[in-house]
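So you can see what is in the structure, the chains are spelled out below.
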Amino acid sequence: MATALSLTHLGSLMRGVRSVDEVGADERAASLAKRSIKKSSKLWALDLAVRCMDLTTLEGADTPGKVAAMCAKAVRPKPGDATIPSVAAVCVYPLRIPDCVQAVSIKVAETEEAVRAGAQEIDMVIDRGAFLSGDYQRVYDEIVAVKEACGDAHLKVILETGELGNYDAVRRASILAMAAGADFIKTSTGKVQPAATLPVALVMMESIRDFVRETGRPVGFKAAGGIRTAKQAISYLVITYETLGPEWMTPDRLRLGASTLLNDVLMQIDKERSGAYQSADYFTVD
């Protein structure tokens, strides 16, 4: 649980956030994204990408049937192939949580998660207007209040980095969210462009690394929006490993928001196993 900071202490915290070398961040992200992975490691990376995915539907026209279908795919991404792991989570609007819980319970009744009657993770978006106007106390207090309301559920704080303007603002927002108690910091909702980018991910991960060194409390990272291919997903895995280390190569600390990513990863897994691509007709339509 985050300890509330006074206005004086919060101001001191934010003034102490160091500036980001934008050119250096862009160059390092580009360099890491080009790093190749040996064939023997690629299947492991693709498997991890599936386990770190959050399947999301946040449409006003969502129906119980659509949510049930997404949950079925989350539990068994490729019907008939038990070697493909389940994804990490599904994300829906609060109104659809009962539909989601019911659908997941039917599919994995043997697991502990099946008997839990509610959301296990909560997403919130920071007040960008307050943040950009320098009202850090308001942003901080809102995150603290939501975190307290979460109880045992994990809180993902969305920065909506495409609206923050520059890397320095991304770093300040990252530090502020973590200081207020975020369990994960997340790039974006996916509805604002640009959403997730490799340089922004690097800046956020370096903020996590420095925060952990300072406080000892690990915080997770989630990239969301614009990640559509297995190649892109692997680039995020490489940056995570090189910046935060092997302890973050787990769904407990790393997530990829994936509305359209899963099928491409499944096709890549089949290609690595068989040496040939299967037709998209063999995969369910998202």
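Residues numbered from 1 in each chain as written. Predicted model: local features only at pLDDT ≥ 70, side-chain atom pairs only at ≥ 80, totals over all residues. Heavy atoms only, no water.

Some remarks on the overall build of the chain
Test applied: A helix here means a DSSP run of H or I that spans at least four residues, while a strand means a run of E at least two residues long, and both kinds are numbered starting from the N terminus. Between buried and exposed lies partly exposed: a residue is buried under 20% and exposed over 50% of the maximum accessible area for its type, with that area taken using a 1.4 Å probe on protein chains only. Any two residues having at least one pair of non-hydrogen atoms within 4.5 Å are treated as being in contact. Shrake-Rupley sampling with a 1.4 Å probe provides the accessible areas, and residues are treated as covered by the protein chains on show and by no other component.
Along its length, the chain carries 11 helices and 7 strands. Counting across all 286 residues of the chain, residues that qualify as buried make up 48%. If you take every contact in the chain between residues at least 6 apart in sequence, the share linking residues at least 24 apart comes to 77%. Carbon and sulfur atoms make up 53% of the accessible area of the chain, which amounts to about 13800 Å² in all.

Things to note about the nonpolar core
What counts is decided by this rule: Put simply, a nonpolar core is a bunch of buried Ala, Val, Leu, Ile, Met, Phe, Trp, Tyr and Cys residues held in one set by side-chain atoms that sit within 4.5 Å of each other.
Core analysis: the largest hydrophobic core is formed by 82 residues, its most contacted members being Phe131, Ile143 and Val157. Once residues within four sequence positions are removed from consideration, Phe131 is found in contact with Ile126, Tyr136, Val139, Leu164, Ala169, Arg172, Ala173 and Leu176.

Re the confidence of the model for the chain
Low pLDDT marks regions whose predicted coordinates should not be analysed in detail. To keep things clear, this is the line we draw: The score called pLDDT rates the predictor's confidence residue by residue, from a low of 0 to a high of 100.
For the chain, the mean per-residue pLDDT works out to 82, and 87% of the residues sit at or above 70. Across residues 106-117 the pLDDT falls below 50, and counting only partners more than four positions away or on other chains, this stretch makes 9 contacts in the model.

Quick notes on helix α4 (residues 64-75)
Let me state the cut-off plainly: To estimate the expected span of a helix, subtract one from its residue number and multiply by 1.5 Å. Polar contacts, as counted here, are pairs of nitrogen or oxygen atoms within 3.5 Å of one another; within protein the pair requires one atom able to donate a hydrogen and one able to accept it, and residues that are adjacent in sequence qualify only if both atoms are side-chain atoms.
Over its 12 residues, α4 extends 16 Å from the first C-alpha to the last, a length consistent with the 16 Å expected when each residue adds 1.5 Å. Among all positions in α4, only Val67, Met70, Cys71, Lys73, Ala74 and Val75 are buried. Its side-chain oxygen 3.1 Å from the backbone nitrogen of Lys66, Thr63 forms the N-cap of α4.

Looking at the packing of aromatic side chains
Here is the rule: Paired rings are identified among Phe, Tyr and Trp, the last through its six-membered ring, by centres lying within 6.5 Å, and are further divided according to the angle between planes into stacked (under 30 degrees), edge-to-face (over 60) and tilted (the rest). We call a charge positioned above a ring when the Lys NZ or Arg CZ atom is no farther than 6 Å from the ring centre and deviates by at most 35 degrees from the ring normal.
Within the structure shown, the criterion is met by 1 aromatic pair. The ring of Phe184 carries Lys156 above its face, with NZ or CZ at 5.9 Å from the centroid. Here the guanidinium or amino end of Arg253 rests over the ring plane of Trp248, the centre of that ring lying 4.5 Å away.

Observations regarding the sheet that holds strand β5 (residues 184-186)
Definition in use: Two strands qualify as a pair provided DSSP detects at least 2 bridges between them. Structural elements are reduced to axes, namely lines fitted to C-alpha atoms, with helices fitted over the stretch in contact, and the angle between N-to-C directions of any two is expressed from 0 to 180 degrees.
Within the open sheet, the 7 strands sit side by side as β2-β1-β7-β6-β5-β4-β3. Their pairing is parallel. Each end of this open sheet is capped by a strand with a single partner; those strands are β2 (89-91) and β3 (121-125). Along the sheet, successive strands turn relative to each other by an average axial angle of 25°, direction set aside. The pairing of strand β1 (residues 53-56) with β2 spans 3 bridges and is parallel. Paired with Thr56 across the strands is Cys91, a residue of β2.

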